[in-house]
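Here's the letter readout for the chains.
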Amino acid sequence: MQHSTGFDAFLRDTVNLSQAKLDLLANCVEAIYRALKADPELGPLVLAKKRQGSWAQRTIINPVGESEFDADFMLQLDEVAEWADNPKTYIEMVYAALHRHSVYGGMEHHRKCRCVQLSYAKSMHVDIVPYLRLKDGREVIVNRDDNVWEETNPAGFTAWMQKKDGIADGNLRKVIRLMKYLRNHRESFTGTRSIILTTLLGELVSETKAVSEPGCYSNVPTALLTIIKDLDTWLQDHPFKPSIPDPSGSGVTFDHRWNQDTYAYFRDRIHTHARQIREAYDEPDYDRSVRLWRSLFGNAFPDVPRPTASIASAAKFASPLLVTSTSRTGRAG
């Protein structure tokens, strides 16, 4: 059984990052931005800020237990011609501005490959990603380890996500959150980064499939079944780690973010989850179906009141027709 109401409650009460934490994040990022813009050395270069990653794409989820949640924002900076051959200077400058600040200088902060990370103890950490529009037109971030630019296209990625989520009747983002929950809270396919998971799931949402199999993305459990089934089919056709291009068209790939061992583990786990989802979805007995969904997502998956006979009968005839198919309908990258 689908248990659409249970999925809605599960996402709202367990999976999604709460509105209170989202508000806290927005307030903290605004304060960081004001502080960096007021810095006498970095401030004149600060142009704007924008959300990045799961925060921007609305796929951020609650952390495990008392762990910190994390979010990224891009700090748009003006180009300095003297630093053209030394891009990591931008990260050093952001780090230095935080370090000399009266508040942030006393908080844990350190440089990473592409950002400066600022930690709020037992709450969250924020990754500040320097971002530039170079005079030659390229949009870039900094790879500090290699001291080089990396091209990026945040607006293109957001447009791609919006298009794919629209094809999936607004359920792609929810499926991504559920799969991140399996990875983080159920310790499944650990090692697969969110950007790869998001790209693979999004690339498997297909306009052709939406037309040929009406209703295949019509609610959360049906979209979950459709997308993971197609992902499993695609993965089984690829025993070796495939290349994963950035769907925004930046020209870069995410290949460096996993290896063959990580990929093989992910491939095996998705194969198992595709079978578990199929069994729970197809199980006609209400109580057994709830147990099967709980075996996948844990006891936090709710046992909502079962529908009355009249509602169940109406829902039966209103349910979309999901055509089972093992054909490959999309590709990642």
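Parameters at a glance
- Throughout, a residue's number is its position along its own chain's written sequence, starting from 1.
- Two thresholds apply to this predicted model, a pLDDT of at least 70 for residue-level local features and 80 or more for giving and counting side-chain atom pairs, whereas whole-chain, interface and lining totals are computed over all residues.
- Excluding hydrogens and water, the side-chain values take into account all heavy atoms of the structure.
- Stacked, edge-to-face and tilted labels apply to pairs of Phe, Tyr and Trp rings (six-membered ring for Trp) whose centres lie within 6.5 Å, assigned for plane angles under 30 degrees, over 60, and everything in between, in that order.
- By the criteria applied, helices consist of DSSP H or I runs no shorter than four residues and strands consist of E runs no shorter than two, each listed in order from the N terminus.
- Categorising residues by exposure relies on relative accessible area from a 1.4 Å probe, with only protein chains included: less than 20% of the type maximum marks a residue as buried, more than 50% marks it as exposed, and the intermediate range marks it as partly exposed.
- We call a charge positioned above a ring when the Lys NZ or Arg CZ atom is no farther than 6 Å from the ring centre and deviates by at most 35 degrees from the ring normal.
- Every residue pair with non-hydrogen atoms within 4.5 Å of one another is taken to be in contact.
- Polar contacts, as counted here, are pairs of nitrogen or oxygen atoms within 3.5 Å of one another; within protein the pair requires one atom able to donate a hydrogen and one able to accept it, and residues that are adjacent in sequence qualify only if both atoms are side-chain atoms.
- Residue ranges for the domains originate in an automatic or database domain assignment.
- Buried area: the accessible area, evaluated with a 1.4 Å probe, that two parts lose upon being put together, summed over both parts.
- The salt bridge definition used is simple: a Lys or Arg side-chain nitrogen within 4 Å of an Asp or Glu carboxyl oxygen.

(A) Representation of the packing of aromatic side chains in the model. Summed over the entire model, instances satisfying the criterion amount to 15 aromatic pairs. Taken together, a centroid distance of 4.8 Å and an interplanar angle of 85° make the contact between F7 and W293 edge-to-face. Here W293 lies in helix 11 (residues 286-297) and F7 lies in helix 1 (residues 4-15), a separation of 286 residues in the sequence. The exposure class assigned to F7 is buried, which follows from its relative accessible area of 0%. What makes W293 buried here is its relative accessible area of 0%. The cationic tip of R111 hangs over the ring face of Y95; the distance from NZ or CZ to the ring centre is 3.9 Å.

(B) Structural context of the environment of R100. For R100, the position within the fold is in the loop between helix 4 (89-99) and strand 3 (109-111). Of the residues examined, R100 reaches a relative accessible area of 39% and is grouped as partly exposed. Taking the C-alpha atoms as reference points, R100 and D39, 61 residues apart in sequence, are found 9.0 Å from one another. Residues in contact with R100, not counting those within four places in the same chain, are D39, E41 and L42. One polar contact links R100 to D39, side chain to side chain, over a distance of 2.8 Å.

(C) Representation of the domain arrangement of the protein in the model. Looking at the assigned domains, one finds that the protein contains domain 1 (17-152) and domain 2 (157-297). Just the C-alpha atoms count here: the centres of domain 1 and domain 2 sit 29 Å apart. Taken residue by residue, the interface counts twelve residues in domain 1 and 14 residues in domain 2. Buried surface at the junction of domain 1 and domain 2, both sides included, amounts to about 1200 Å², of which 51% is carbon and sulfur. At the junction of domain 1 and domain 2, the tally comes to zero salt bridges.

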